[in-house]
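Here is what each chain is made of, one letter per residue.
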Amino acid sequence: MSRRSLSRAFTQRRGRAPVFAALGDETRLSLLTKLGDRQPHSISQLTHGSRLTRQAITKHLRVLQRARIVRGSRTGRESRFILDPRPIDDLRHYLDSVSAQWDEALARLKSFVEVEPLRRRECAAADGSQRAKS
Amino acid sequence: MPARIEKKIALNAPVSRVWRAITDYKEFGEWFRVALEGPFVPGQLVRGKVLYSGYEHLAWEAIVQKVEPERLFSFTWHPMKDDNSVDMENETLVEFHLKPTSTGTLLTLTESGFDKLPADRRDFAFRKNESGWTVQIENINNHVTQKP
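Residues numbered from 1 in each chain as written. Chains lettered and ligands numbered in written order. Predicted model: local features only at pLDDT ≥ 70, side-chain atom pairs only at ≥ 80, totals over all residues.

A. Structural context of the overall build of chain B. Within chain B, the secondary structure is distributed over three helices and seven strands. N-terminal to C-terminal, the α/β element order of chain B is β-α-α-β-β-β-β-β-β-α. Here chain B, with 148 residues, has 21% of them falling under the buried criterion. Summarising the internal contacts of chain B: among those between residues at least 6 apart in sequence, 39% fall at separations of at least 24. (Helix = DSSP H or I, 4+ residues; strand = E, 2+ residues; numbered from the N terminus. Buried ≥ 20, exposed ≤ 12 C-beta atoms within 10 Å, placed from the backbone. Contact = placed C-beta atoms within 7 Å.)

Here you go:
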């Protein structure tokens, strides 16, 4: 329903599942934390403080690149990586809208199961009294 | 960011009442605002029309997964696109878990699978495989019929 109208421009081209999938990993989340300063980082900087090898970090960066969460650039012989926040912003908006829709639907369910029987009983009672009068 | 949504809501109604509101397709339609064509049957597709203001042009589709009386009801669905086609990029699983409490029912709703691979790509892989087999069987048929 209205979830589809949100952040449409971005996701119609790409789809969200690969972005969600890319985020479902501890190592990649920690890389994103480091890249959260929005500055370009070299692989050496991103490997620093991690128990993983350069190759392993590179592999994770490729996954993030494919999901367009991270962009790579080359200066001389060194690759640098920078965060693109748009796909993650889109996911947040998307989840917020899905979440809001469920809140509304569940509120309607709540009043449906809690109020509806009362209303029915009242109607039945009203019918009964009318019938009694006539 | 978790690829799932979880909501808990306390309902002042017995589990049997909540169960009916969720699994009777007419009652479901009333609070969910969708006019469904038929009942929920495990493994079957349910179609309907969205009654949500502004979205009446949309079709509603879900495949019923589990119906465990007064305990669990689940279905998979796809969000819709503007052109009223199904957004295959996003198949998610919706689950309603019910638990009796002293005041009524605790309902836990989850929607998960936002990180699942696009279903159309899976289908494509399957079709490719299947047509491969079809060709194989035809080849065998030809082989057998040509050489009696």
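B. Up close: the environment of Arg68(A). Residue and element names in this part refer to chain A. With respect to the helices and strands, the residue Arg-68 is situated in the loop between α5 (54–66) and β2 (70–75). The partly exposed category is assigned to Arg-68, around which 16 C-beta atoms lie within 10 Å. Sequence spacing of Arg-68 and Pro-87 is 19 residues, and the spatial spacing of their C-alpha atoms is 7.1 Å.

C. Looking closely at the environment of Trp77(B). All names here are of chain B. Relative to the helices and strands, Trp-77 resides in strand β5 (residues 72–77). Take Trp-77: there are 17 C-beta atoms within 10 Å of it, and that puts it in the partly exposed class. Ignoring sequence-local partners within four residues, the contact set of Trp-77 consists of Glu-61, Ala-62, Thr-92 and Val-94.

D. Representation of the pairing of strand β3 (residues 45–50) of chain B in the model. Residues and elements named next belong to chain B. Note that strand β2 (residues 34–36) and β3 share three bridges and pair antiparallel. By the bridge assignment, Leu-36 is partnered in β3 with Gly-48. Taken together, the five bridges between β3 and strand β4 (residues 59–68) define a ladder with antiparallel strand orientation. Paired with Leu-45 across the bridge in β4 is Ile-63. (Pairing = 2+ DSSP bridges.)

E. The arrangement of the nonpolar core in detail. Residue and element names in this part refer to chain A. Membership of the largest hydrophobic core comes to 22 residues, with the highest contact counts inside it found for Val-19, Phe-20, Ala-22, Leu-61, Leu-64, Ile-69 and Val-70. Elements supplying a minimum of two residues to this core: α2 (17–23), α3 (26–35), α5, β3 (78–83) and α6 (86–114). A total of five residues in this core trace back to one element, the largest contributor, which is α2. Once residues lying within four places of it in the same chain are set aside, the contact partners of Leu-64 are Ala-22, Arg-28, Leu-31, Ile-69 and Val-70. (Core = buried A, V, L, I, M, F, W, Y, C linked by C-beta atoms within 7 Å.)

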